[in-house]
Amino acid sequence: MADTEPALAGIRTAIDELDAEIVGLLARRADLVRQAAPLKSDRQAVRAPERVAQVVARVRALAGAAGADPDLIERIYRGMIQAFIDMETVEHHRVSGD
Ligand SMILES: C=C(O[C@@H]1C=C(C(=O)O)C=C[C@H]1O)C(=O)O
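What you see is a predicted model, and the numbers here were worked out from it, not measured in a lab.

**Description of the overall build of the protein chain**
Part 1 of the reasoning: Within the protein chain, the regular secondary structure consists of four helices and zero strands.
Part 2 of the reasoning: Put simply, the protein chain runs from its N terminus to its C terminus through helices and strands in the order α-α-α-α.
Part 3 of the reasoning: Here the C-alpha atoms of the protein chain give a radius of gyration of 18 Å, more than 25% beyond the 13 Å that 2.2 N^0.38 yields for 98 residues.
Part 4 of the reasoning: With the C-alpha coordinates aligned to their principal axes, the bounding extent of the protein chain is approximately 60 × 25 × 20 Å.
Part 5 of the reasoning: Burial status across the protein chain gives 5% buried among its 98 residues.
Part 6 of the reasoning: Of all intrachain contacts in the protein chain linking residues separated by at least 6 positions in sequence, the fraction that spans at least 24 positions is 60%.

Okay, here's the thing in C-alpha cells:
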C-alpha cells in the first residue's frame, strides 16, 4: 500500500488553516450573540425558537448551494446555536438578574 502519511498530513494542515478562520468567525458571532442578550425580555426570548428555525432553514439552503450536505450543516448549526444560547442565557442573567 502506498504511504498515506503525506496526504493525511496535507489534509490536516489544510484543516488547521480553516480552523484558524472558523475560530475567528465564531469569535465575531459570539460577540454579536452577547450583544443581543440585554435586548431580550426573558429566557424564552433568549431562546427565540422561531429565529433558530429561520437560521437553520437559511443555512440548509446555503449548504445545498455550496455542495455540502444540508443535514450535516443543520446538525452542526443546532449544536453551535445551543452553545450560543447557553452563553447568552448566562449573559442575560448577568445584565438583567432574570
Ligand atoms: C442571537 C440570538 O439569540 C439566540 C441565538 C441564535 C443564534 O446563535 O443564531 C439565534 C436565536 C436565539 O436562540 C437571536 O435571537 O438572534
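Let us keep going from here.
**A few points about the site of the ligand**
Part 1 of the reasoning: Neighbouring residues of the ligand: Val33, Ala36, Arg47, Ala48, Arg51, Val52, Val55, Ile81, Phe84, Ile85 and Glu88.
Part 2 of the reasoning: Elements that contribute at least two residues to the shell around the ligand include exactly helix H1 (5-36), helix H3 (49-66) and helix H4 (70-96).
Part 3 of the reasoning: Looking at the shell around the ligand, the element that brings in the most residues is H4, giving four residues.
Part 4 of the reasoning: Class assignment of the residues belonging to the shell around the ligand gives a composition of eight nonpolar, no polar and three charged.

**Digging into H1**
Part 1 of the reasoning: Between its first and last C-alpha, H1 extends 46 Å over 32 residues, near the 46 Å set by a 1.5 Å rise per residue.
Part 2 of the reasoning: Along H1, only zero of the 32 residues are buried, which leaves the element largely exposed.

**Overview of unusual backbone geometry**
Part 1 of the reasoning: The phi angle at Ala48 is positive, at roughly 40°, despite the residue not being glycine.
Part 2 of the reasoning: Tracing the backbone shows Ala48 in the loop between helix H2 (43-47) and H3.

**A look at the packing of H1 against H4**
Part 1 of the reasoning: At a closest axis distance of 9 Å, the pairing of H1 and H4 adopts a crossing angle of 40°. On the basis of the axis angle, H1 is oblique to H4. Between H1 and H4 lies a crossing of right-handed hand. Residues Ala30, Val33, Arg34 and Ala36 of H1 pack against Phe84, Met87, Glu88 and Glu91 of H4.

Criteria and cut-off values
- Residues numbered from 1 in each chain as written.
- Predicted model: local features only at pLDDT ≥ 70, side-chain atom pairs only at ≥ 80, totals over all residues.
- Helix = DSSP H or I, 4+ residues; strand = E, 2+ residues; numbered from the N terminus.
- Rg over C-alpha atoms; globule rule 2.2 N^0.38 Å.
- Buried ≥ 20, exposed ≤ 12 C-beta atoms within 10 Å, placed from the backbone.
- Contact = placed C-beta atoms within 7 Å.
- Near = placed C-beta within 6 Å.
- Nonpolar A, V, L, I, M, F, W, Y, C, P; charged D, E, K, R; others polar.
- Expected span 1.5 Å × (residues − 1).
- Axes fitted to C-alpha atoms, helices over the stretch in contact; angles between N-to-C directions.
- Parallel < 35°, antiparallel > 145°, perpendicular 65-115°, else oblique.
- Left-handed = near helix turned anticlockwise from the far one by under 90°.

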